[in-house]
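Listed below are the residues making up each chain.
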Amino acid sequence: MDFTRVLTEETVSVALRAGEKPAAIEEMLDLVMAGGGVRDRAAALAALLDREARMSTGMQHGMALPHAKTDAVDHLRAAVGISPEGIPFDSLDGEPARILIMTLSPLNRTGPHIQFLAEIGRLLSSPAARARVLAARTPAELLAILREPAA
Amino acid sequence: MNPIGGEAMPLVLAAAGGGDLGPAMQRFVLQMAVILLAARLGGRLTERWLRLPAVVGELVAGILIGPYLLGGWSVPGLGPLFPLPAEGFPITPELYAIATLASLLLLFLAGLETDIDLFLRFSGAGSLVGLGGLVLSMAAGIGTALVFGLADHALDPAALFLGVVCCAASVGIPARVLAERRRTDSPEGVTILTGAVISDVFGVVLLAVVIAVARAGEGGEPVPWLRLGGMALRAVVIWVACTVIGVVSGRRIGRALKALGSLDVAASVALGLALLLAGAIESVGLAMILGAYLLGFSLSRTDMVHEIRRPLRGAAQVLVPVFFCVMGMLIDPAVLWGVVGAGLVFTAVSLAAKVVGCGLPAWFRGFNLRGALRIGMGMSPRGEVALIAAGIGLSSGVAGPEVFGMAVGMALLTVVIAPPVLARLLDGGSGLRRGVAAHEPTAEIALDLPSADLAEFLLGRVQRIFRDEEFFVHALSDTPPVFQIRKDDMVFTLELSEARIRLTCPKRFEHIARMMVLEELLSLKDLAEAAAQLRDPAALGGRLVDRLF
């Protein structure tokens, strides 16, 4: 599945500024909004925080996948952000999040939404792939790396 | 020579009724009624009381009600229900037409059920095993024909025909035994099922060649090797070309069918295309069943395959017993009695051919003696394709009644003998030699829920989340509940036993499976909190308790 189709230079960042989890989620949501298609920021944020409250989306190895289903979007929307310093994210392994991937998917429409998340997760499951992503200096570079066929 | 051929057989019905089809149709409907009832009854009895595949009972029911036995007796006011014509084919073209349609439907479904990915992944061991069985089976059939004087030379159509019948393998019969013992995923199980598919594919192609040879050599003279090779080559080229075109365009056809909007309509259109290809293949001198099988094979990769199968399976459940019953009706018990010795020898040789021909390559591919025997026995039951081949042999004049009887008898006996032996062989340890790696790694997610009720509820929710992600969910079995979930090349198996849910898939897709189940469990947490507020049913309104007593 070509998930990079939903990503643009506006929706990726190589320098997230936030130092804490709630601020990071807001910053990521603003990246998603920059790509357009989100009708209601407050509703989207509430859905994201609701999902985090059930269980943190901080995975292992510095990856975090905050995501939610919400009426605020009609199609899958996504953003990818890099935090050079790392953000405490209540992760499974306690490591701060460095690679953040956010998805918003419509509530009552079928589509490969969780699959999308799982595919990105798998793409970044090797240390080498994560190192390449973390080495990106500009949004264009990050996008190019994400679009490379999985090595 | 060709009693069923189009121009050779004018519409008997119209002639008999002098233009009024009414009485003839009434007879036909009564015949179908008797066939349906007898086939179902026979199948049910053998399944229930003898614990044998239904096909055995359906065939025997056919022999009993056929024109040579009960069907030939005169019914007051009607005459014999299945009168035996003075010469030629023992049953009417209408009945044989229904049987032909059933066989095409059956082969189309068999093609649809072929798992190409599995086929390609395991084709190494599977094709060696399948081909080993084919070579010895062909030799066994030809040898039997020569020894019993049924053929003058090895290329005599009758000899080739016995060889082809001997080549067939059943996919369904070993599949059921393997599923009962939970060995479908085992290396032996996968090898048997792939090998059986390969045997059937080549069996169908070989049958096509034999029919072509028979048509060419009607003078009784041996067909020269060169011409035979040319015909075989032509059959193989057509087969390969159709397969390649089919596999390449399968998804496109699938998408076009999906665009029709209704799955029932898509299923009928797909069957229509299968019949169209069958007719086209026959017109170039090959067997029709090859066309039906190929279209099914082409569509087997599309993710809507289960959805097309469902309505067609309903039709097949009605028609296929009719086919087996009609095959039984074609058997003349007197002729069968005459070839009983040859038939028994043919059965023994056929069993040996598969056990040795399939077992030996398996042994070379890393199976131990136990594994090799399991595979050989699993490949032994000749199923539907052998009977279809037998029917085509008789109707096209390649096989006489003796050879036809031997072929059907052998197919029947192997179906009776092999499954219990296979079941017995499956007890016991690994069939692999030490140090041989098993097949592609699979991942399993097992969840133990606090109660069976909750597990059943979650099972439904997991299916829903996959459907929401545009996967196709299909029930393989109701008790115990087993579901196959697929999209493109992803295949998951979802099972429920007591309070345990198991989701298995190739390791490559484990991350998707985990994520899906995790998300569903998290949303279930919400539901649990909401449910906790349900403790007092009165609070819901509706006055559930008030008016109970």
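Shown above is the structure to which this text applies.
Numbers given for residues are sequential positions, taken from 1 along each chain in its written order. Starting at A for chains and at 1 for ligands, labels are handed out in the order in which the entities are written. Totals for whole chains, interfaces and linings use every residue, but because this is a predicted model, local features are given only for residues with pLDDT of at least 70 and side-chain atom pairs only at 80 or more, for both listing and counting. Remark: hydrogens and water are excluded; side-chain values derive from all non-hydrogen atoms of the structure.

Notes on the overall build of chain B
Each helix is a run of H or I in the DSSP string that is no shorter than four residues. Each strand is a run of E no shorter than two, and both are numbered from the N terminus. Of regular secondary structure, chain B possesses 20 helices and seven strands. A separation threshold of at least 6 residues defines the contact pool for chain B, and within that pool the share at least 24 residues apart is 74%. Any two residues having at least one pair of non-hydrogen atoms within 4.5 Å are treated as being in contact.

What to know about the interface of chain A and chain B
Taken together, the contact pairs 15 residues of chain A with 19 residues of chain B. By buried area we mean how much accessible surface two parts lose on assembly, using a 1.4 Å probe and totalling the loss over both. Of the roughly 1,500 Å² buried at the junction of chain A and chain B (both faces included), carbon and sulfur atoms supply 58%. Here, a salt bridge means any side-chain nitrogen of Lys or Arg that lies within 4 Å of a carboxyl oxygen of Asp or Glu. Joining chain A to chain B, the criterion identifies one salt bridge. Salt-bridge contacts for Arg-51 of chain A lead to Glu-519 of chain B; the nearest nitrogen and oxygen are separated by 3.0 Å. Counting of polar contacts relies on pairs of N or O atoms within 3.5 Å, with two restrictions inside protein: one atom must be capable of donating a hydrogen and the other of accepting it, and residues adjacent in sequence are counted only when both atoms are side-chain atoms. At the junction of chain A with chain B, the criterion picks out seven residue pairs in polar contact (both at pLDDT 80 or more). Broken down by secondary-structure element, the contributors of at least two residues to the side of chain A that touches chain B are helix H2 (41–54) and helix H3 (113–123) of chain A. Charged means Asp, Glu, Lys or Arg here, nonpolar means Ala, Val, Leu, Ile, Met, Phe, Trp, Tyr, Cys or Pro, and polar covers whatever is left, Gly included. For the side of chain A that touches chain B, a count of residues per class yields six nonpolar, five polar and four charged.

Some remarks on the side chain of Arg-51 of chain A
If you trace the backbone, Arg-51 of chain A turns up in helix H2. Here His-67 of chain A takes part through its side chain, which lies 3.4 Å from a polar atom of the side chain of Arg-51 of chain A.

Regarding the pairing of strand S5 (residues 97–106) of chain A
Residues and elements named next belong to chain A. Where burial is concerned, most of S5 is hidden: nine out of the ten residues are buried. In the sheet, strand S2 (residues 63–64) pairs with S5 via two bridges, with the strands oriented parallel. For Ala-64, the partnering residue across the bridge sits in S5 and is Leu-100. Here, a strand pair is defined by DSSP locating no fewer than two bridges between the strands. Note: strand S3 (residues 67–70) against S5, four bridges, orientation parallel. Note that in S5 the partner of His-67 across the bridge is Thr-103. Where strand S4 (residues 77–87) lies against S5, seven bridges are found, and the strand directions are antiparallel. Remark: exposure states derive from per-residue accessible area (1.4 Å probe, protein chains only) relative to the maximum for the residue type, with buried under 20%, exposed over 50%, and partly exposed in between.

Things to note about the pattern of salt bridges
Using the criterion set out here, one finds 15 salt bridges over all chains in the structure. Taking the shortest distance from any N to any O, the salt bridge between Arg-41 of chain A and Glu-26 of chain A comes out at 3.1 Å. Taken as a pair, Arg-41 of chain A in helix H2 and Glu-26 of chain A in helix H1 (residues 21–34) lie far apart in primary sequence, 15 residues in all. Arg-41 of chain A gets classed as partly exposed once you look at its relative accessible area, which sits at 27%. A salt bridge links Glu-444 of chain B to Arg-502 of chain B, with the nearest nitrogen and oxygen atoms 2.7 Å apart. On the criterion of sequence distance, the pair formed by Glu-444 of chain B in strand S3 (residues 442–448) and Arg-502 of chain B in strand S7 (residues 500–506) is long-range, its members being 58 residues apart. Taken together, the shared-partner salt bridges connect Lys-21, Glu-52 and Asp-90 of chain A into one network.

Quick word on unusual backbone geometry
At Asp-90 of chain A, a residue that is not glycine, the phi angle is positive and equals roughly 55°. Mapped onto the fold, Asp-90 of chain A is located in the loop between S4 and S5. One non-glycine residue, Glu-498 of chain B, lies in the positive phi region at around 55°.

Some remarks on the nonpolar core
If you look at the biggest cluster of nonpolar residues, it comprises 118 residues, and the most contacted ones within it are Ile-35, Phe-108 and Ile-289 of chain B. It is helix H13 (residues 305–329) of chain B that provides the largest number of residues to this core, a total of 13 residues. Grouped together as the second largest cluster of nonpolar side chains are 52 residues, Leu-124 of chain A together with Ile-465, Phe-492 and Met-516 of chain B included. Nonpolar core, defined: a set of buried Ala, Val, Leu, Ile, Met, Phe, Trp, Tyr and Cys residues in which side-chain atoms within 4.5 Å join the residues together.

Digging into the packing of aromatic side chains
Residue and element names in this part refer to chain B. In this analysis, rings of Phe, Tyr and Trp, with Trp reduced to its six-membered ring, are considered paired at centre separations within 6.5 Å, and the interplanar angle assigns stacked below 30 degrees, edge-to-face beyond 60, and tilted for intermediate values. Throughout the structure, instances matching the rule amount to seven aromatic pairs over all chains. Pairing Phe-466 with Phe-471 gives two aromatic rings, centres 5.1 Å apart and planes at 85°, and the pair type is edge-to-face. No difference in accessibility class separates Phe-466 from Phe-471, as the two residues are buried. Through a chain of ring-to-ring contacts, three or more aromatic side chains come together here, namely Phe-466, Phe-471 and Phe-492.

Focus on the packing of helix H4 (residues 93–112) of chain B against helix H17 (residues 384–395) of chain B
Residues and elements named next belong to chain B. Fitted lines through C-alpha atoms serve as axes, helices being fitted only where they are in contact, and the angles separating the N-to-C directions of these axes extend from 0 to 180 degrees. For the pair H4 and H17, interaxial distance at closest approach is 11 Å and the crossing angle is 145°. Between H4 and H17 lies a crossing of left-handed hand. Residue-level inspection shows Tyr-96, Ser-103, Leu-106 and Leu-107 of H4 in contact with H17, the latter providing Glu-384, Val-385, Ile-388, Gly-391, Ile-392 and Ser-395. Here the contact of H4 with H17 is composed, by residue class, of six nonpolar, three polar and one charged. Take the far helix as your reference; a near helix turned counterclockwise from it by less than a right angle gives a left-handed crossing, and one turned clockwise gives a right-handed crossing.

Some thoughts on helix H9 (residues 187–216) of chain B
An expected span of 1.5 Å times one less than the residue number is assigned to each helix. Under the 1.5 Å per step criterion, the end-to-end length of H9 of chain B is 43 Å for 30 residues, consistent within 8% with the ideal 44 Å. Across the 30 residues of H9 of chain B, 25 count as buried, placing the element largely inside the fold.

Quick notes on the packing of helix H11 (residues 263–283) of chain B against helix H12 (residues 288–299) of chain B
All names here are of chain B. Closest axis-to-axis distance for the H11/H12 pair is 7 Å, and the angle between their directions is 140°. The angle between H11 and H12 places the two elements in the oblique class. Our pair here, H11 against H12, has a crossing hand that is right-handed. On H12, the residues that touch Ala-270, Leu-273, Ala-274, Leu-277, Ala-278, Ile-281 and Glu-282 of H11 are Met-288, Leu-290, Gly-291, Ala-292, Leu-294, Leu-295 and Leu-299. For the contact of H11 with H12, the per-class residue count stands at twelve nonpolar, one polar and one charged. In these notes the angle categories are as follows: under 35 degrees is roughly parallel, over 145 is roughly antiparallel, 65 to 115 is roughly perpendicular, and the rest is oblique.

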